[in-house]
Amino acid sequence: MAMTSMLLQAQGITKTFVEKAGELPTLRNVSVHARQGEFVSIIGPSGCGKSTLLSIVAGLVTPDEGRVLLHGNVVTGQAGLVGYMPQKDLLVPWRTVLDNVILSQEIAGVSRRAARAKAMPLIEGFGLGGFASAYPHTLSGGMRQRAAFLRTVLFEKEVLLLDEPFGALDALTRSTMHEWLLGVWNKLSKTVVLVTHDVDEAILLSDRVYVMTPLPGQVKAEFAITLPRPRLYDLVLTQDFLKHKAALLSALRDSVALAGAS
Ligand SMILES: Nc1ncnc2c1ncn2[C@@H]1O[C@H](COP(=O)(O)OP(=O)(O)OP(=O)(O)O)[C@@H](O)[C@H]1O
Ligand SMILES: [Mg+2]
């Protein structure tokens, strides 16, 4: 096995969806990577192919061109190797919250009893206290999202792919989940690839941020976020933060203007 600090690589990913209505070029020659332990975000306008890219990296969708490497090994089209939280929460309606969050462990062969015992103490920290035996349809959108996030964390892969995991959360819960995510990332030395619309979120959490263009999605720019860690919330008010934000917003705007002109 090729040892490399380059944990995850997507190289030259191109994807066109073919529908009855015609062809939709969705991703064009997209390359992104994450080093071991790195926190990387992908930001771009709605519909630019971010979720498609993440599902290709997760091995659930096959690209037309390009490949995905994990630890230097080609894993294109192989599912189950990384933790993946899709944009839609995909909770199983007939399972309780607790039994939803342990689903991936059960599939991996852990006994339901052991998996429940492990998940139970986390339920409260995720703001789901008192809802362990509730069914998904009785939860708010934010609670469903947190349950799906907890399930992804409990899957225990070294890579976490998160597709707008906090999109439906209010600002306060969102900041609690940010702290939690950074804690998981730190303690368990995970590698995270996060898709988000939220520029502040991308800067606050990431080591690097990719900016994508509108359809067909391409990587337009890449930013290193050099702000020191640990990052606390008042960081968003500092000059340094605002400098990063201005650069990112301007790259996002340029990418949209570029697409409009072509
Ligand atoms: N399975 C599919 N079949 C056909 N078209 C698809 C499929 N999946 C996505 N698309 C199309 O590809 C384009 C990109 O979709 P995608 O969901 O990747 O965008 P996104 O950047 O995640 O958007 P958002 O920010 O709104 O979540 C869209 O035009 C979408 O309609
Ligand atoms: Mg999406």
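Residues numbered from 1 in each chain as written. Chains lettered and ligands numbered in written order. Predicted model: local features only at pLDDT ≥ 70, side-chain atom pairs only at ≥ 80, totals over all residues.

Caption draft 1: Seen up close, the overall build of the protein. When helices and strands are tallied, the protein shows 8 helices and 10 strands. Compactness check: the protein gives a C-alpha radius of gyration of 19 Å against a globular reference of 18 Å for 262 residues, within 12% of the reference. In terms of its C-alpha atoms, the protein occupies a principal-axis envelope of roughly 55 × 45 × 40 Å. Burial status across the protein gives 37% buried among its 262 residues. Partitioning the contacts of the protein with sequence separation of at least 6, the portion at a separation of at least 24 is 69%. (Helix = DSSP H or I, 4+ residues; strand = E, 2+ residues; numbered from the N terminus. Rg over C-alpha atoms; globule rule 2.2 N^0.38 Å. Buried ≥ 20, exposed ≤ 12 C-beta atoms within 10 Å, placed from the backbone. Contact = placed C-beta atoms within 7 Å.)

Caption draft 2: Focus on the sheet that holds strand S10 (residues 219–224). The sheet built from 6 strands is open, its strands ordered S6-S7-S8-S3-S9-S10 with mixed pairing. Since the sheet does not close on itself, it has two edges, and those belong to strand S6 (83–85) and S10, each with one partner. The mean inter-strand angle of the sheet, taken between neighbouring strand axes irrespective of direction, is 15°. For strand S7 (residues 159–163) and strand S8 (residues 191–196), the ladder comprises 5 bridges, and the chain directions are parallel. Bridge assignment links leucine 162 to a residue of S8, and that residue is leucine 194. Set on the sheet, helix H5 (residues 141–154) makes contact with S6 and S7; between it and S6 the angle comes to about 170°. (Pairing = 2+ DSSP bridges. Axes fitted to C-alpha atoms, helices over the stretch in contact; angles between N-to-C directions.)

Caption draft 3: Quick look at the sheet that holds strand S1 (residues 6–19). Taking strand neighbours across the sheet as the criterion, the 4 strands line up as S2-S1-S4-S5 in an open arrangement whose pairing is antiparallel. Among the strands making up the open sheet, the edge pair consists of strand S2 (22–35) and strand S5 (73–74). Judged from the 5 bridges that link them, S1 and strand S4 (residues 65–70) form a sheet pairing that is antiparallel. Residue pairing for S4: threonine 14 is matched across the bridge by glutamate 65. Lying on the sheet, helix H1 (residues 50–57) is in contact with S1, S2 and S4; it crosses S1 at an angle near 120°.

Caption draft 4: Spotlight on the pairing of S1. The sheet contact formed by S1 and S2 spans 10 bridges and is antiparallel. Bridge assignment links threonine 16 to a residue of S2, and that residue is proline 25. Hairpin geometry of S1 and S2 is characterised by an intervening segment of 2 residues between the two adjacent antiparallel strands.

Caption draft 5: Layout of the site of ligand 1. Contacts to ligand 1 come from 13 residues, most closely from Phe17, Ser46, Lys50, Ser51 and Thr52. When residues of the shell around ligand 1 are traced back to their parent elements, those giving at least two are S1, S2 and H1. No other element matches the 3 residues that H1 contributes to the shell around ligand 1. Among the residues forming the shell around ligand 1, the class breakdown is 3 nonpolar, 8 polar and 2 charged. (Near = placed C-beta within 6 Å. Nonpolar A, V, L, I, M, F, W, Y, C, P; charged D, E, K, R; others polar.)

Caption draft 6: Seen up close, H5. Here H5 is 14 residues long and its end C-alpha atoms lie 20 Å apart, about the 20 Å a rise of 1.5 Å per residue gives. The element H5 is extensively covered by neighbouring structure, given that 11 of its 14 residues are classed as buried. Where H5 is concerned, the buried positions are Met143, Arg144, Gln145, Arg146, Ala147, Ala148, Phe149, Leu150, Arg151, Thr152 and Val153. Taken from the residues just after H5, glutamate 156 is the one with a positive phi, measuring 60°. (Expected span 1.5 Å × (residues − 1).)

Everything listed is a geometric property; what it means functionally is a separate question.
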